[in-house]
Amino acid sequence: MKISQAREQNSDYLINLGRNAKGEATPRVSKIITLYTQGKIRQLRTAEKMILKLTTTENEKKLK
């Protein structure tokens, strides 16, 4: 299945955003990116919020 150029660029953005994910968050971030690429998550903002929440939660736990 061919994806649109915009969705491909947005997927690259999400991949870069998800590089901060560590530990248990890494497979979850990968799953979110896959779902966005497949079109099962339609909005970029939704995927972005999910990834940010996962990465910041992991960072806060490490700081404590």
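Residues numbered from 1 in each chain as written. Predicted model: local features only at pLDDT ≥ 70, side-chain atom pairs only at ≥ 80, totals over all residues. Heavy atoms only, no water.

A. The arrangement of the packing of aromatic side chains in detail. In this structure the tally under the stated criterion is zero aromatic pairs. Across from the ring centre of tyrosine 36, 4.3 Å away, lies the NZ or CZ of arginine 7, which sits over that ring. (Phe/Tyr/Trp six-rings, centres within 6.5 Å; stacked < 30°, edge-to-face > 60°. Lys NZ or Arg CZ within 6 Å of the ring centre and 35° of its normal.)

B. Structural view of the packing of helix α1 (residues 5-18) against helix α2 (residues 25-38). Running from N to C, α1 and α2 point in directions that differ by 175 degrees, and their axes come no closer than 10 Å. Here α1 lies roughly antiparallel to α2, going by the angle between them. Facing α1, whose interface residues are Arg7, Asn10, Ser11, Leu14, Ile15 and Gly18, α2 presents Val29, Ile33, Tyr36 and Thr37. Of the residues in the contact of α1 with α2, the class split is five nonpolar, four polar and one charged. (Axes fitted to C-alpha atoms, helices over the stretch in contact; angles between N-to-C directions. Helix = DSSP H or I, 4+ residues; strand = E, 2+ residues; numbered from the N terminus. Parallel < 35°, antiparallel > 145°, perpendicular 65-115°, else oblique. Contact = heavy atoms within 4.5 Å. Nonpolar A, V, L, I, M, F, W, Y, C, P; charged D, E, K, R; others polar.)

C. Layout of the environment of isoleucine 41. Following the sequence through the fold, isoleucine 41 ends up in the loop between α2 and α3 (44-63). In contact with isoleucine 41, other than residues within four places in its own chain, are Arg7, Ile32, Leu35, Tyr36, Thr46, Ala47 and Met50.

D. The nonpolar core, seen in detail. Judged by nonpolar contacts, Leu14, Leu17, Ala21, Ala25, Val29, Ile32, Ile33, Tyr36, Ile41, Ala47, Ile51 and Leu54 together constitute the single largest core of twelve residues. With five residues, the top contributor of residues to this core is α2. (Core = buried A, V, L, I, M, F, W, Y, C linked by side-chain atoms within 4.5 Å. Buried < 20%, exposed > 50% of the residue type's maximum accessible area, 1.4 Å probe, protein only.)

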